[in-house]
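A structural walkthrough
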Amino acid sequence: MDILTQEHFAARLNDTFVAPDDGNAAFTLIEVRPLAAPTLQGMLRSPFSLLFRNCSPILLTQKIYRMQHDAIGEVGIFLVPVARDNQGFLYQAVFN
(Lines give C-alpha, C1' and ligand atoms only; values in the text may rest on other atoms or scores of the structure.)
Protein backbone atom coordinates (compact mmCIF):
# COMPACT_ATOMS: atom_id res chain seq x y z
CA MET A 1 0.00 0.00 0.00
CA ASP A 2 1.19 3.52 -0.75
CA ILE A 3 1.83 5.98 2.04
CA LEU A 4 -1.28 8.17 2.29
CA THR A 5 -0.58 11.87 1.96
CA GLN A 6 -2.53 15.06 2.40
CA GLU A 7 -3.15 15.11 -1.35
CA HIS A 8 -4.98 11.76 -1.20
CA PHE A 9 -7.55 13.31 1.13
CA ALA A 10 -7.69 16.92 -0.13
CA ALA A 11 -9.66 15.86 -3.19
CA ARG A 12 -12.11 13.99 -0.93
CA LEU A 13 -13.24 16.97 1.17
CA ASN A 14 -16.96 16.64 2.05
CA ASP A 15 -16.96 12.99 0.97
CA THR A 16 -18.29 10.25 3.22
CA PHE A 17 -16.10 7.46 4.56
CA VAL A 18 -17.92 4.40 5.93
CA ALA A 19 -16.81 2.20 8.83
CA PRO A 20 -18.45 -1.18 8.05
CA ASP A 21 -17.27 -2.85 11.27
CA ASP A 22 -19.03 -0.16 13.29
CA GLY A 23 -22.57 -0.42 11.92
CA ASN A 24 -21.63 1.37 8.69
CA ALA A 25 -20.99 4.55 10.65
CA ALA A 26 -20.63 7.44 8.22
CA PHE A 27 -17.85 9.98 8.69
CA THR A 28 -17.82 13.10 6.52
CA LEU A 29 -14.38 14.59 5.86
CA ILE A 30 -14.75 18.29 6.71
CA GLU A 31 -11.13 19.46 6.97
CA VAL A 32 -7.72 18.54 5.60
CA ARG A 33 -4.93 20.61 7.10
CA PRO A 34 -1.13 20.55 6.98
CA LEU A 35 0.61 20.50 10.34
CA ALA A 36 3.45 22.80 11.22
CA ALA A 37 6.24 20.41 12.01
CA PRO A 38 9.93 20.27 11.28
CA THR A 39 10.88 18.21 8.27
CA LEU A 40 13.14 15.38 9.35
CA GLN A 41 15.47 13.46 7.12
CA GLY A 42 13.81 10.27 5.90
CA MET A 43 10.22 11.42 6.39
CA LEU A 44 7.90 9.73 3.90
CA ARG A 45 5.27 12.49 4.00
CA SER A 46 4.57 15.92 5.41
CA PRO A 47 2.45 15.80 8.57
CA PHE A 48 -1.26 16.60 8.23
CA SER A 49 -4.54 16.20 10.06
CA LEU A 50 -8.05 15.27 9.04
CA LEU A 51 -11.29 16.28 10.71
CA PHE A 52 -14.38 14.13 10.28
CA ARG A 53 -17.97 14.64 11.42
CA ASN A 54 -20.24 11.80 12.48
CA CYS A 55 -23.88 12.84 12.89
CA SER A 56 -24.77 10.15 15.42
CA PRO A 57 -25.88 11.46 18.84
CA ILE A 58 -23.71 8.73 20.39
CA LEU A 59 -20.04 9.45 21.03
CA LEU A 60 -17.81 6.84 19.42
CA THR A 61 -14.61 5.78 21.16
CA GLN A 62 -11.13 6.60 19.97
CA LYS A 63 -9.70 3.70 18.04
CA ILE A 64 -8.58 2.57 14.60
CA TYR A 65 -11.62 2.54 12.33
CA ARG A 66 -11.55 0.46 9.16
CA MET A 67 -12.81 3.06 6.70
CA GLN A 68 -13.97 2.53 3.14
CA HIS A 69 -14.08 5.12 0.37
CA ASP A 70 -14.71 4.51 -3.32
CA ALA A 71 -11.60 6.38 -4.51
CA ILE A 72 -9.16 5.60 -1.68
CA GLY A 73 -10.27 2.04 -0.92
CA GLU A 74 -10.04 0.55 2.55
CA VAL A 75 -7.76 2.09 5.15
CA GLY A 76 -7.42 2.00 8.93
CA ILE A 77 -7.60 5.47 10.45
CA PHE A 78 -7.07 6.20 14.15
CA LEU A 79 -9.84 8.65 15.10
CA VAL A 80 -10.00 10.64 18.32
CA PRO A 81 -13.16 12.50 19.35
CA VAL A 82 -12.21 16.17 19.76
CA ALA A 83 -15.42 18.23 19.83
CA ARG A 84 -19.17 18.33 19.38
CA ASP A 85 -21.17 20.80 17.32
CA ASN A 86 -24.84 21.16 16.41
CA GLN A 87 -24.47 18.50 13.69
CA GLY A 88 -22.69 15.78 15.64
CA PHE A 89 -19.30 14.76 16.98
CA LEU A 90 -15.97 15.71 15.41
CA TYR A 91 -13.11 13.23 15.15
CA GLN A 92 -9.49 14.00 14.30
CA ALA A 93 -6.83 11.86 12.65
CA VAL A 94 -3.19 12.93 12.62
CA PHE A 95 -0.70 11.59 10.09
CA ASN A 96 2.98 12.22 10.79
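Summarised in this report is the structure supplied together with it. These figures come from a predicted structure and were not determined experimentally. (Residues numbered from 1 in each chain as written. Predicted model: local features only at pLDDT ≥ 70, side-chain atom pairs only at ≥ 80, totals over all residues. Heavy atoms only, no water.)

**Re the pattern of salt bridges**
- Applying the stated rule across the entire model yields five salt bridges.
- Between arginine 33 and glutamate 31 there is a salt bridge; the shortest N-O distance is 3.2 Å.
- By relative accessible area, which is 37% here, arginine 33 ends up partly exposed.
- For glutamate 31, a relative accessible area of 30% corresponds to the partly exposed category.
- Here aspartate 85 and arginine 53 are joined by a salt bridge, their closest N and O atoms 2.5 Å apart. Within this pair, whereas aspartate 85 is found in strand β5 (residues 73-85), its partner arginine 53 is found in strand β3 (residues 48-54), the two being separated by 32 residues in sequence.
- Taking the relative accessible area as the measure of exposure, aspartate 85 reaches 25% and is therefore partly exposed.
- Given the relative accessible area of 15%, arginine 53 is considered buried. (Salt bridge = Lys/Arg side-chain N within 4 Å of Asp/Glu carboxyl O. Buried < 20%, exposed > 50% of the residue type's maximum accessible area, 1.4 Å probe, protein only. Helix = DSSP H or I, 4+ residues; strand = E, 2+ residues; numbered from the N terminus.)

**Considerations on the side chain of threonine 5**
- Here threonine 5 shows up in the segment before α1 (6-10).
- Classification of threonine 5 as buried rests on a relative accessible area of 19%.
- One polar contact links threonine 5 to glutamate 7, side chain to side chain, over a distance of 3.1 Å.
- Those residues within four positions of threonine 5 in sequence are excluded, and the remaining contacts are Arg45 and Phe48. (Polar contact = N/O pair within 3.5 Å; in protein donor to acceptor, adjacent residues only side chain to side chain. Contact = heavy atoms within 4.5 Å.)

Any functional reading would require information that these geometric values do not contain.
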